[in-house]
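Results of the structural survey
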Amino acid sequence: MRVLGIDPGLTRCGWGVVDGRPGARPTAIGVGVIRTHPDLDLELRLLEVHTAVTALLRAHRPEAVAIERVFTQNNKGTATGTAQAAGVAALAAAQADVPVAWHTPSEVKAAISGNGRADKDQVTMMVTRVLGLTEAPKPADAADALALAVCHVWRAPAQARLRVAALAGGIGAPVPASRTLPRWQGVSR
């Protein structure tokens, strides 16, 4: 399974692509950071993030996109920008018809290090070790994006089995097609 991990942010949006399957060592395919200039208008910064994520989806053809779920941060402005970047990344995935999985920071930390309260240095060290990298990915946003991708590779099959079991039990039954929205076809002029 190939997964694009996104650690959302407006100034620095980390990304990492991983190939792998549960029970086997995953492989890092690519890693980096999308940067936007803080002096640009918000809509242009979001457009830059969207354009870059769209290019990553085309280049790497992931089977899923794993995005960090934004809870709360001390700085409301940072939390808002992070949520907006996560939204445009999810939009790019939806436009490419790639499923999106949302993972909490503690879920990712627990998956990669065994400790849901691990600090950034511990996460970076474990990402480096788990992926067999010769040097740690920098900045931390890039390491976090790889951790998100690894977390999804390892957890997605179990989550899918739980979803199937829940559906078999009548929990979360599918919505009839007549109650869903039509697929987005792009902007018409």
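In this text the structure is predicted, and so the values were computed from the model without any measurement. (Residues numbered from 1 in each chain as written. Predicted model: local features only at pLDDT ≥ 70, side-chain atom pairs only at ≥ 80, totals over all residues. Heavy atoms only, no water.)

Observations concerning the overall build of the protein
For the protein, the count of helices and strands is five helices and five strands. In sequence order, the secondary structure elements of the protein are arranged as β-β-β-α-β-α-β-α-α-α. Restricting the contact set of the protein to residue pairs at least 6 apart, pairs at least 24 apart contribute 62%. Surface exposure of the protein reaches about 10900 Å², of which carbon and sulfur atoms provide 55%. (Helix = DSSP H or I, 4+ residues; strand = E, 2+ residues; numbered from the N terminus. Contact = heavy atoms within 4.5 Å. Areas by Shrake-Rupley, 256 points an atom, 1.4 Å probe, with all protein chains shown as cover.)

Some thoughts on the packing of helix α4 (residues 120–130) against helix α5 (residues 140–168)
In contact at an axis separation of 9 Å, α4 and α5 are set at 60 degrees when each is read in the N-to-C sense. The angle between α4 and α5 falls in the class oblique. As for how α4 packs across α5, the hand of that crossing is left-handed. Between α4 and α5, the contacting residues are Lys 120, Val 123, Thr 124, Val 127 and Val 130 on the first element and Ala 140, Ala 143, Asp 144, Leu 146, Ala 147, Val 150 and Trp 154 on the second. Partitioned by chemical class, the residues of the contact of α4 with α5 number nine nonpolar, one polar and two charged. (Axes fitted to C-alpha atoms, helices over the stretch in contact; angles between N-to-C directions. Parallel < 35°, antiparallel > 145°, perpendicular 65-115°, else oblique. Left-handed = near helix turned anticlockwise from the far one by under 90°. Nonpolar A, V, L, I, M, F, W, Y, C, P; charged D, E, K, R; others polar.)

Some details on the UniProt feature "binding site: Mg(2+) 2" (unreviewed entry) in the protein
Mapped onto the present numbering, the UniProt feature "binding site: Mg(2+) 2" (unreviewed entry) falls at Glu 68. When near neighbours in sequence (up to four residues on either side) are disregarded, Glu 68 contacts Ile 6, Asp 7, Pro 8, Trp 102, His 103, Pro 105 and Leu 148. (UniProt positions renumbered as here; feature names shortened; annotations may be inferred.)

Side note on the UniProt feature "active site" (unreviewed entry) in the protein
UniProt's feature table lists "active site" (unreviewed entry) at Asp 7, Glu 68 and Asp 141, given in the numbering used throughout. In terms of the greatest pairwise C-alpha distance, the residues named above, spread along 135 residues, form a tight cluster of at most 11.0 Å across. Structurally, the position occupied by Glu 68 is in strand β4 (residues 64–68). Within the secondary structure layout, Asp 141 lies in helix α5. With a relative accessible area of 11%, Asp 141 lands in the buried category. (Buried < 20%, exposed > 50% of the residue type's maximum accessible area, 1.4 Å probe, protein only.)

Section: the pattern of salt bridges
Pairing between side chains becomes possible if they bear opposite charge and their charged atoms approach one another. Inspection of the entire model under this criterion finds four salt bridges. Between Arg 2 and Asp 19 there is a salt bridge, with the nearest N and O atoms lying 2.8 Å from each other. Placement of Arg 2 in strand β1 (residues 2–7) and of Asp 19 in strand β2 (residues 12–19) is noted, with a sequence separation of 17 residues between them. Overall, the relative accessible area of 22% leaves Arg 2 in the partly exposed class. Across the salt bridge formed by Asp 144 and Lys 120, the nearest N and O atoms sit 2.5 Å from each other. Of this pair, Asp 144 sits in helix α5 while Lys 120 sits in helix α4, placing them 24 residues apart in sequence. According to the relative accessible area criterion, Lys 120 is partly exposed, its value standing at 47%. (Salt bridge = Lys/Arg side-chain N within 4 Å of Asp/Glu carboxyl O.)

Examining the side chain of His 50
Mapped onto the elements of the fold, His 50 is located in helix α1 (residues 42–60). The contacts of His 50, once residues within four sequence positions are left out, are Val 88, Leu 91, Ala 92 and Gln 95.

Describing the packing of helix α3 (residues 105–113) against α4
In contact at an axis separation of 9 Å, α3 and α4 are set at 50 degrees when each is read in the N-to-C sense. Between α3 and α4, the angle is such that the two are oblique. Where α3 crosses over α4, the handedness of that crossing is left-handed. Residues Lys 109, Ile 112 and Ser 113 of α3 form the contact with α4, whose own contacting residues are Val 123, Met 126, Val 127 and Val 130.

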